[in-house]
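# Per-entry structural report
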Amino acid sequence: PIAVLQAGTEAMLDGVTELTVGQVDSLHDEILRLSRMVDDLQRLASAEAAAVQLTLVPADLAASAAAVADSLTEVFDRAGITLERRLTAVHSRCDQLRMHDVITNLLTNAAKFTPAGGTVVIETRPSGKLALLQVTDTGIGIPPDELAHVSERFFRGQNSAEVAGSGIGLAIVDELVRGHHGTMVITSKPDTGTQVTITLPRTTG
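Reading the values: rules and limits
Residues numbered from 1 in each chain as written. Predicted model: local features only at pLDDT ≥ 70, side-chain atom pairs only at ≥ 80, totals over all residues. Heavy atoms only, no water. Helix = DSSP H or I, 4+ residues; strand = E, 2+ residues; numbered from the N terminus. Buried < 20%, exposed > 50% of the residue type's maximum accessible area, 1.4 Å probe, protein only. Contact = heavy atoms within 4.5 Å. Areas by Shrake-Rupley, 256 points an atom, 1.4 Å probe, with all protein chains shown as cover. Core = buried A, V, L, I, M, F, W, Y, C linked by side-chain atoms within 4.5 Å. Axes fitted to C-alpha atoms, helices over the stretch in contact; angles between N-to-C directions. Left-handed = near helix turned anticlockwise from the far one by under 90°. Nonpolar A, V, L, I, M, F, W, Y, C, P; charged D, E, K, R; others polar.

Assigned secondary structure in the chain consists of 6 helices and 7 strands. Listed by position from the N terminus, the elements making up the chain come as α-α-β-α-α-β-β-α-β-β-α-β-β. Expressed as a percentage of the 205 residues in the chain, the buried residues total 41%. Long-range contacts, defined here as pairs at least 24 residues apart, represent 69% of the contacts in the chain between residues at least 6 apart. Counting only carbon and sulfur atoms, one obtains 55% of the accessible surface of the chain, whose full area is about 11000 Å².

Grouped together as the largest cluster of nonpolar side chains are 34 residues, with contacts concentrated most on L61, M99, I103, L106, L107, L133 and I198. If you list the elements that add at least two residues to this core, you get α3 (61–71), α5 (96–112), β4 (119–127), β5 (130–137), α6 (169–179), β6 (183–189) and β7 (193–203). With 7 residues, the top contributor of residues to this core is α5.

Relative to each other, α5 and α6 sit at 150°, their axes nearing to 9 Å. Seen along the crossing, α5 lies across α6 with a hand that is left-handed. When α5 is examined against α6, the residues R98, D101, V102, N105, L106 and N109 are found in contact with a partner set consisting of G169, L170, I172, V173, L176 and V177. Residues of the contact of α5 with α6, tallied by class, amount to 7 nonpolar, 3 polar and 2 charged.

Pasting the structure below:
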């Protein structure tokens, strides 16, 4: 965006292009894009800092997931997507504010890539010595050659072209999950859907 803004304004100042409403609209779009990028960079820096300064306390992942799902009900309703909850109480030591960020990122990401009429399932449950948090969607899926890169910073796959965002949502999730001593695994099939599984050390409450 900076390069486009510089080239566009210099061209107008030099008289190479005319100052028109269309040109100003185009530059304004780039300003908005730059603003979103700066905001995303701030979010990523915040996640990096948080990952080493987490306040971990025993928390029920099911309660955290339910709270986020409640807050996003209108988003899913507007998109025509069913949000299904399969929440079994399971405790882990979490920074509750940052776990809220993790779940919000996972659900909003699933909503972005799931067409109207589709379903997103959020699940929490015990899995041996681990606490499991899983988000599954019936969305457009991820091509096999991109799957290993989706949690990299600013990675935008071929299916992301028409979807707003800069490609840091899963990078933030990955950073925060590792800060919680957990792991994230992503599986997907094109035109079938994607499943993101977070596992954290389990506590007894």
